[in-house]
Amino acid sequence: MKKILIISGSILVGLFLIITICASFYLYSYALARDNTSMNDEPTTDEATDTAKLAQKNREENQAWMEKQELVRWTEQSSDDLKLVANYLAAEKPSNTTIILAHGYRGTSGKVEMAGLAKMYHEKFGYNVLMPDARAHGESEGENIGFGWPERKDYVQWINQVIEKNGTDEEIALHGVSMGSSTVLMTSGEDLPKQVKSIIADCGYTSMDAELSYQLKAMFHLPSFPIIPTASLINKFKEGFYFSEASAIDAVSKTDLPIFYIHGDEDAFVPTYMVDELYDATNSYKEKWIVKGAEHGQAYTVDPETYEEKVRQFLNKTM
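Residues numbered from 1 in each chain as written. Predicted model: local features only at pLDDT ≥ 70, side-chain atom pairs only at ≥ 80, totals over all residues. Heavy atoms only, no water.

(A) Structural detail: the environment of Lys292. Within the secondary structure layout, Lys292 lies in the loop between β8 (286–291) and α10 (299–302). Distance in space between the C-alpha atoms of Lys292 and Gly264 is 6.2 Å, their sequence separation being 28 residues. (Helix = DSSP H or I, 4+ residues; strand = E, 2+ residues; numbered from the N terminus.)

Printed below as a string of structure tokens:
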């Protein structure tokens, strides 16, 4: 009987390990693979609601505006030998201020998702705008999404290229939405040139580990252990880092850059409590705006006038 129990226990342990490994590989492919569109950060609002209709209308108008702009294609070679692509939109009148935008998860640069912000900065503020496609997105190379961690080094290179092309008197701000928000927050923890003056972080998550754990529970009703640690180990072998290393909250705790946090109070993709954790961890000058009625990435759509005014006030203080 004892031998039977030992054999049965061994079989159960083996099955558990097999299921865990399979589930972890599935999660890895589901969440990180370039061409998988099953998981996205689109707002959960029903298409019949006013907010969703307004968002779609704005996207169409902004896309039409973007298609009329004279974009210059910039390229960069990443430290791990990926060709990265960005679109640069010069200000109508000479400006020594450039905003570098960072789009969200499975998005692209200024062509669609970030066109509204590009239009705001170009037309209302009179700034230059650089809109990179993150690795594994759009025209940039890469097979796996890094959730901001390898991308932070890419953004350091884009910053340096702006300074190289526009001059050492350039002033730069980084503005990210969703994954792009966490990307610029992670970038803030790097040794950045003095030309980088401030960060605007719209609906970012605290860390890759926390966001994937949240999504695993929200979408599949599964606990993070042991799937997340196993998937993290897979990522270590494939991409060279553990999920826990990709931490925006660690980066903001050591940056001296001013940060403006924006988050919707109805965000179901990146829970609103994460912005409070980020804000509390930030030791530099900081501001926070919780947008009532805004789902994920919809703060600008819900209240564009206030969004513009608050961003303008923040930049006037920090640039």
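(B) How the structure looks around a nonpolar patch on the surface. Taken together, the side chains of Met219, Phe220 and Leu222 make up a nonpolar region of the molecular surface, amounting to roughly 230 Å² of accessible area. Relative to the helices and strands, Leu222 is located in the loop between α6 (208–220) and α7 (227–239). (Patch = residues over 30% accessible without salt bridge, like charges linked within 9 Å, V, L, I, M, F, W, Y side chains within 5 Å. Areas by Shrake-Rupley, 256 points an atom, 1.4 Å probe, with all protein chains shown as cover. Salt bridge = Lys/Arg side-chain N within 4 Å of Asp/Glu carboxyl O.)

(C) Highlighting the sheet that holds strand β3 (residues 97–102). Across the sheet, which stays open at both edges, the eight strands sit in the order β1-β2-β4-β3-β5-β6-β7-β8 with mixed pairing between neighbours. For this open sheet the edge positions go to β1 (72–77) and β8, each flanked by a neighbour on one side alone. Between one strand axis and the next, the sheet turns through 20° on average, direction left out of account. With respect to the sheet, helix α4 (residues 149–166) is in contact with β1, β2 (83–89), β3, β4 (128–132), β5 (171–177) and β6 (196–202), its orientation differing from that of β1 by roughly 125°. (Pairing = 2+ DSSP bridges. Axes fitted to C-alpha atoms, helices over the stretch in contact; angles between N-to-C directions. Contact = heavy atoms within 4.5 Å.)

(D) Representation of α7 in the model. Given a rise of 1.5 Å per residue, 13 residues ought to cover 18 Å, and the 18 Å separating the end C-alpha atoms of α7 matches this to within 8%. By the burial criterion, the buried members of α7 are Ile227, Ile228, Ala231, Ser232, Ile234 and Asn235. The buried residues of α7 occupy one face: seen down the axis, they fall within an arc of 160°. (Expected span 1.5 Å × (residues − 1). Buried < 20%, exposed > 50% of the residue type's maximum accessible area, 1.4 Å probe, protein only. Arc of directions from axis to C-beta.)

(E) Focus on the pattern of salt bridges. For the coordinates displayed, the defined rule picks out eight salt bridges. Close ionic contact of Arg135 with Asp80 constitutes a salt bridge, the shortest N to O distance being 2.8 Å. Residue Arg135 is located in the loop between β4 and α4, and its partner Asp80 is located in the loop between β1 and β2; the two are separated by 55 residues in the primary sequence. Look at Arg135 and you get buried, because its relative accessible area is 4%.

(F) Summary view of the pairing of strand β7 (residues 259–264). Along β7, six of the six residues are buried, which leaves the element largely enclosed by surrounding structure. Side-chain alternation along β7 places Ile259, Tyr261 and His263 on one buried face and Phe260, Ile262 and Gly264 on a second face that is also buried. Sheet topology note: the β6/β7 ladder contains four bridges and is parallel. The partner of Ile199 across the bridge, within β7, is Ile259. What joins β7 to β8 is helix α9 (residues 273–281), and the crossover it makes is right-handed. (Right-handed = clockwise from strand over helix to strand, strands pointing away.)

(G) Representation of α9 within the structure. Three or more residues of α9 are buried, namely Met274, Val275, Leu278 and Ala281. Seen from one end, α9 has its buried residues packed into an arc of 130°, which puts them on one side. Structurally, α9 contributes buried residues whose contacts are with α5 (179–188), α6, α8 (248–252), β7 and β8.

(H) Representation of a negative patch on the surface in the model. On the surface, Asp35, Asp81, Glu141 and Glu143 cluster together into a negatively charged patch. Inspection of the secondary structure puts Glu143 in the loop between β4 and α4. (Lys, Arg positive; Asp, Glu negative; His and termini not counted. Charge placed at Lys NZ, Arg CZ, Asp CG, Glu CD.)

(I) The arrangement of the side chain of Thr282 in detail. Structurally, Thr282 can be placed in the loop between α9 and β8. Look at Thr282 and you get buried, because its relative accessible area is 3%. Engagement of the side chain of Thr282 in a polar contact is seen with the backbone oxygen of Leu278, the distance being 2.8 Å. (Polar contact = N/O pair within 3.5 Å; in protein donor to acceptor, adjacent residues only side chain to side chain.)

(J) Fine view of the environment of Lys124. Along the chain, Lys124 falls in helix α3 (residues 115–125). Ignoring any residue separated from it by four or fewer positions in sequence, one finds Lys124 in contact with Lys119, Glu308 and Arg312. Within the structure, the side chain of Lys124 is placed 3.1 Å from the side chain of Glu308, a separation counted as a polar contact.

(K) Spatial organisation of the layout of surface pockets. Its boundaries defined by the atoms lining it, the second largest pocket holds a volume of some 170 Å³. In terms of lining, the second largest pocket is formed by Ser79, Asp80, Arg135, Trp149, Pro150, Arg152, Lys153, Asp154, Glu239 and Phe241. Tallying contributions element by element places α4 first for the lining of the second largest pocket, with five residues. Of the residues in the lining of the second largest pocket, the class split is three nonpolar, one polar and six charged. (1 Å grid on protein atoms, 1.4 Å probe; cavity = no way out; pocket = protein on both sides within 12 Å on 5 of 7 lines; lining within 4 Å. Points joined across faces, edges and corners; volume = space filled by probe spheres on them. Nonpolar A, V, L, I, M, F, W, Y, C, P; charged D, E, K, R; others polar.)

(L) The arrangement of unusual backbone geometry in detail. Cis geometry is found at the peptide bond from Phe225 to Pro226, where omega equals 10°. Summarising the element assignment, Pro226 is placed in the loop between α6 and α7. Despite not being glycine, Phe147 has its phi angle at roughly 55°, a positive value. Checked against the element boundaries, Phe147 lands in the loop between β4 and α4. According to the relative accessible area criterion, Phe147 is buried, its value standing at 2%.

(M) Expanded view of the packing of aromatic side chains. Applying the stated criterion to the full structure yields twelve aromatic pairs. Seen from their ring centres, Phe147 and Tyr205 are 5.9 Å apart, and the 50° between their planes marks the pair as tilted. Of the two residues, Phe147 sits in the loop between β4 and α4 while Tyr205 sits in the loop between β6 and α6, which places them 58 residues apart along the sequence. Like Tyr205, Phe147 is buried. Site record: aromatic cluster; members linked through ring pairs are Tyr105, Phe147, Tyr205 and Phe269. (Phe/Tyr/Trp six-rings, centres within 6.5 Å; stacked < 30°, edge-to-face > 60°.)

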